[in-house]
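Here is how the chains run, residue by residue.
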Amino acid sequence: MRHHLYNPDFQFVKPPEEFNKYTDREVLQYCLGATMYMPGHRDFTEAILTHKYPGLTAMIMCFEDACAAEDVKRAEENSIHTLDVLSEKLDKGEITYAELPLLFFRVRNMEQFRHFTTMLRPEHVKVLAGFNFPKFNTRNGEEYYTYLLELNEKFGEVLYGMPIIEDKIAAYKETRVNELAGIKAILDQYRELVLNVRVGATDFSSCFGARRDVEYTIYDIVTVRDILSDILNIFTWEGEYVVSGPVWEYFKAKRSMRFLELPKINIQESLLRREPLVSPEADGLMRELILDKANGFIGKTIIHPSHINYVNGILAVTREEYEDAMQVLDTSGGVIKSSMSNKMNEIGPHHLWAKKLAARARAYGVIENKQSYLELFGTD
């Protein structure tokens, strides 16, 4: 897989690198980007094989919220069918890892996780990247990762786990910090198996009877903003974990969320001034993505393929950012004037920022400037 294949003619300053489930975790954790979420009972096999969504690089098939209890058996059977077909095509050389999106399953609970994995065969695991653990907390987390470790040892393969922090104990202020610290203590024991930490802002919003309108970002919902702030504070300290941004709920199924023509604007300034660009749904997504990136989220769960270009595109790094980061990483200490002579690069304080930005550049590429984001998103 490689990001931005939906726009193959785009000219990068530095192109993104290819990745697959066997890519080193330190790089792979930055590569999830737009991770599309879908019901496990929907057959998505043909869409993968025909590259229906050329920008899709990661997908999650869900046995939990997207499935009624009576649909779980059908979802499991459909998922095994998908693994059968993909592993057979891979074995025959009809597809390669470069063509396979990272594939995850969002399990329903620990019991269903154990049941489903009894259906897995060694050839399945070669096309499976791992599992999402919903409503992950201090009461179930240890059991999830203990069993995941057993699966890794059983198959002699890499299977990652991605906890989803989204329940009430993490939401409510009285219990939040202790709960988050307890979750982190669990993850620290299994760090090499943790690919991303994911957040459930919709579930958090429901705790307070809130829902962001298309005109607002999740950062305008103050109760949820405080939860996300604490999650970032606890899990991204010193760059320990990559945390993915919350899902954006809005899309227009009957109309492409793409630019009809590219305006000559500073996209960040225009969005923050709330100037109309594409549609309320697309503009709201882009506005939230800018704030996600500013706050330290990398990637985003998505529910519609029209979101892919925006999520992965906004994670590309500008030439100026990249040159600043390389200058910081290549200098032993002190303070130095940036290559553009417009800012101070302080080597010690900016080192972690530079390290994370360099990883993003490997995953999403380097573009010329902020106007280039519009060109990377593409037009109809």
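Scroll up a little and you will see the structure.
Residues numbered from 1 in each chain as written. Predicted model: local features only at pLDDT ≥ 70, side-chain atom pairs only at ≥ 80, totals over all residues. Heavy atoms only, no water.

## Focus: the sheet that holds strand E7 (residues 243-244)
Each strand in a sheet pairs with its neighbour through backbone hydrogen bonds, running either in the same direction (parallel) or in the opposite one (antiparallel). Strand order in this open sheet of 8 strands is E7-E6-E5-E4-E3-E2-E1-E8, and the pairing throughout is parallel. At either margin of the open sheet sits one strand with a lone partner, and together these are E7 and strand E8 (300-302). Packed on one face of the sheet, helix H3 (residues 72-91) meets strand E2 (58-62) and strand E3 (102-106) and runs near 160° to E3. (Pairing = 2+ DSSP bridges. Helix = DSSP H or I, 4+ residues; strand = E, 2+ residues; numbered from the N terminus. Contact = heavy atoms within 4.5 Å. Axes fitted to C-alpha atoms, helices over the stretch in contact; angles between N-to-C directions.)

## Regarding the environment of Lys52
Its place among the elements puts Lys52 in the loop between helix H2 (45-49) and E2. Separated by 253 residues in sequence, Lys52 and Pro305 have C-alpha atoms that sit 9.9 Å apart.

## Remarks on the pairing of E3
Working note: regular strand, side chains alternate between the two faces of the sheet. Counting buried residues in E3 gives 5 out of 5 residues, a clear majority hidden from the surface. Here E3 shows a buried face lined by Leu102, Phe104 and Arg106 and a second buried face lined by Leu103 and Phe105. Where E2 meets E3, 5 bridges bridge the pair, whose relative direction is parallel. Across the sheet, Ala58 pairs through a bridge with Leu102, a residue of E3. (Buried < 20%, exposed > 50% of the residue type's maximum accessible area, 1.4 Å probe, protein only.)

## Brief notes about the pairing of strand E5 (residues 160-165)
Burial analysis of E5 places 6 of its 6 residues in the buried class, which makes it a mostly covered element. Burial along E5 is two-sided: the face carrying Tyr160, Met162 and Ile164 and the face carrying Gly161, Pro163 and Ile165 are both buried. Note that strand E4 (residues 130-133) and E5 share 4 bridges and pair parallel. Along E5, the bridge assignment pairs Phe131 with Gly161. Viewed along the sheet, the connection from E4 through helix H6 (residues 141-155) into E5 turns out right-handed. (Right-handed = clockwise from strand over helix to strand, strands pointing away.)

## Considering unusual backbone geometry
The residue His4 is not glycine, and still its phi comes out positive at about 75°. By the element assignment, His4 lies in the segment before helix H1 (25-28). The residue Arg274 is not glycine, and still its phi comes out positive at about 60°. The residue Arg274 is located in the loop between helix H11 (267-272) and helix H12 (280-295) in this model.

## Observations concerning the side chain of Asn312
Following the sequence through the fold, Asn312 ends up in helix H13 (residues 308-314). Excluding anything up to four places from it in sequence, Asn312 contacts His3, His4, Gly33, Ala34, Gly55, Thr57 and Tyr364.

## Points about the nonpolar core
By size, the foremost hydrophobic cluster in this structure holds 115 residues, and its most contacted members are Phe131 and Phe235. Examining the composition of this core, we find that 7 residues originate from one element, helix H10 (residues 222-235), more than from any other. Discounting chain neighbours no more than four positions away, the residues touching Phe235 are Ile165, Leu180, Ile183, Lys184, Leu187, Val197, Glu240, Tyr241 and Val243. In terms of nonpolar packing, the next biggest core, distinct from the first, is built from 9 residues, Ala325, Val328, Ala361 and Val366 among them. (Core = buried A, V, L, I, M, F, W, Y, C linked by side-chain atoms within 4.5 Å.)

## As for the packing of aromatic side chains
Tallying each qualifying case throughout the model produces 21 aromatic pairs. Seen from their ring centres, Phe63 and Phe105 are 5.6 Å apart, and the 5° between their planes marks the pair as stacked. Of this pair, Phe63 sits in the loop between E2 and H3 while Phe105 sits in strand E3; the two residues are 42 residues apart in sequence, bridging distant segments of the chain. Here the two residues Phe63 and Phe105 agree in accessibility, since each one is buried. Pairing Phe136 with Tyr144 gives two aromatic rings, centres 6.3 Å apart and planes at 20°, and the pair type is stacked. In terms of burial, Phe136 and Tyr144 fall into one category: buried. (Phe/Tyr/Trp six-rings, centres within 6.5 Å; stacked < 30°, edge-to-face > 60°.)

## Structural notes on the pattern of salt bridges
Between side chains of opposite charge, a pair can form when the charged atoms approach closely. Tallying each qualifying case throughout the model produces 35 salt bridges. We note a salt bridge from Arg25 to Glu26, for which the minimum N-O separation is 2.8 Å. By relative accessible area, Glu26 is classed as partly exposed at 43%. For Asp220, the salt bridge goes to Arg274, with nearest N and O atoms at 3.8 Å. Placement of Asp220 in the loop between helix H9 (201-207) and H10 and of Arg274 in the loop between H11 and H12 is noted, with a sequence separation of 54 residues between them. On the accessibility criterion, Asp220 (39% relative accessible area) is partly exposed. (Salt bridge = Lys/Arg side-chain N within 4 Å of Asp/Glu carboxyl O.)

## So, the side chain of Asn140
The topology assignment puts Asn140 in the loop between E4 and H6. On the accessibility criterion, Asn140 (19% relative accessible area) is buried. A polar contact is formed between the side chain of Asn140 and the backbone nitrogen of Asn137, at a distance of 2.9 Å. (Polar contact = N/O pair within 3.5 Å; in protein donor to acceptor, adjacent residues only side chain to side chain.)

## Notes on the packing of helix H14 (residues 319-329) against helix H15 (residues 351-364)
Angle between the axes and distance between the axes: these two values describe a pair of packed helices. Where H14 contacts H15, the two axes come as close as 9 Å, and the packing angle between them is 125°. Our classification of the angle between H14 and H15 gives oblique. Crossing geometry of H14 relative to H15 is assigned as left-handed. On H15, the residues touching Glu321, Tyr322, Asp324, Ala325, Met326, Val328 and Leu329 of H14 are His351, Trp353, Ala354, Lys355, Leu357, Ala358, Arg360 and Ala361. In terms of residue class, the contact of H14 with H15 is built from 10 nonpolar, 1 polar and 4 charged. (Parallel < 35°, antiparallel > 145°, perpendicular 65-115°, else oblique. Left-handed = near helix turned anticlockwise from the far one by under 90°. Nonpolar A, V, L, I, M, F, W, Y, C, P; charged D, E, K, R; others polar.)

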